[in-house]
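Chain by chain, the residues run as shown.
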Amino acid sequence: PEMWTTGYSIGRLEEQAEIVDGEVARALSKVAATKKMFIVAGSMAMKIDGHFYNTTLVFGPEGELVAQYSKVHLFSLFNEQNIVSAGNKRVVAEIASVPSGLAICYDLRFPEFGRAMAQDGAKIIYVPAEWPTVRGYAWELAIKGFAMFNQAFVCAVNCAGSFKGQEFYGHSMLVSPMGIPIAMAKGTVEEIIYANFDLSEVDEARDSMSMLRDVRWDIYK
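To start, this report covers the structure provided alongside it. (Residues numbered from 1 in each chain as written. Predicted model: local features only at pLDDT ≥ 70, side-chain atom pairs only at ≥ 80, totals over all residues. Heavy atoms only, no water.)

Comments concerning the overall build of the protein chain
Point 1. What the protein chain contains, in helices and strands, is six helices and 12 strands.
Point 2. Taking the principal axes of the C-alpha coordinates as reference, the protein chain spans close to 50 × 40 × 40 Å.
Point 3. Per-residue burial for the protein chain yields a buried fraction of 49% across its 221 residues.
Point 4. Working note: accessible area of the protein chain is about 11300 Å², and carbon and sulfur atoms make up 54% of it.
Point 5. Counting 20 positive and 26 negative side-chain charges, the protein chain places the averaged centre of each group 2 Å from the other. (Helix = DSSP H or I, 4+ residues; strand = E, 2+ residues; numbered from the N terminus. Buried < 20%, exposed > 50% of the residue type's maximum accessible area, 1.4 Å probe, protein only. Areas by Shrake-Rupley, 256 points an atom, 1.4 Å probe, with all protein chains shown as cover. Lys, Arg positive; Asp, Glu negative; His and termini not counted. Charge placed at Lys NZ, Arg CZ, Asp CG, Glu CD.)

What about the sheet that holds strand 6 (residues 98-102)?
Point 1. Taken together, the six strands give an open sheet; going across it, the order is 5-6-7-8-11-12, and neighbouring strands pair in mixed fashion. Only two strands of the sheet have a single partner each, and these edge strands are strand 5 (92-95) and strand 12 (181-184). The mean angle between the axes of side-by-side strands here comes to 20°, regardless of whether they run parallel or antiparallel.
Point 2. Relative to strand 11 (residues 173-175), strand 8 (residues 153-158) runs antiparallel, the two sharing three bridges. Across the sheet, cysteine 155 pairs through a bridge with leucine 174, a residue of strand 11. (Pairing = 2+ DSSP bridges. Axes fitted to C-alpha atoms, helices over the stretch in contact; angles between N-to-C directions.)

Brief notes about the pattern of salt bridges
Point 1. In the structure shown here, the tally under the stated rule is 10 salt bridges.
Point 2. Sharing partners across several salt bridges, the network here consists of Glu2, Lys71 and Glu80. (Salt bridge = Lys/Arg side-chain N within 4 Å of Asp/Glu carboxyl O.)

Some words on helix 2 (residues 23-35)
Point 1. Helix length check: helix 2 (13 residues) gives 18 Å between terminal C-alpha atoms against 18 Å at 1.5 Å per residue, within 8%.
Point 2. Along helix 2, the positions that sit buried rather than exposed are Val24, Ala25, Leu28, Ser29 and Ala32. Taken around the axis of helix 2, the buried residues stretch over an arc of 135°, which confines them to a single face. Exposed residues pointing more than 90 degrees away from the buried face of helix 2 are listed as Glu23, Arg26, Lys30 and Thr34. (Expected span 1.5 Å × (residues − 1). Arc of directions from axis to C-beta.)

Take a look at the structure:
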């Protein structure tokens, strides 16, 4: 999920933040190469060019770094902007030959962000998160809406359990371009879920209802 190496223990980033070629990244790279798989590695507190970011790394089957995305929408309710810097670009990368968007937690609340990735060609959007149980209803609604409005699969992985007295909602899920859950974790405990899905559903959804072609960017500014 989001910030999985530290949780929101964000008062000690100088000693806890990872670096792009650090120990955790090297371990993830090794697993990806050994298993010949892609790994979308949640998000981590990372120090990049002297600044701290909330960053997702993606590794490929040769252990290579395929993509890197730093959270662009910072959660001002928790003064996140006083702790980490905001990323300044959206990312759509080829992951297993599929154009894939990257988002992190609070990004889900910005539908224009997902729409822009869909316009960039994203057919699946990966979303690690640390979403609390108290707003669990919004987690499910946001993911289904993000998938349906952008006519893309959404793979959303949420924190489960508790940290510093905060309960997290879990309910990680894969949702279809029609906003229908294909697989969902059962609750607030850790578990692994699996799903098969057909990427042709993206093209079918976009052909049957031309939302992405009918967008009026000219009147949204």
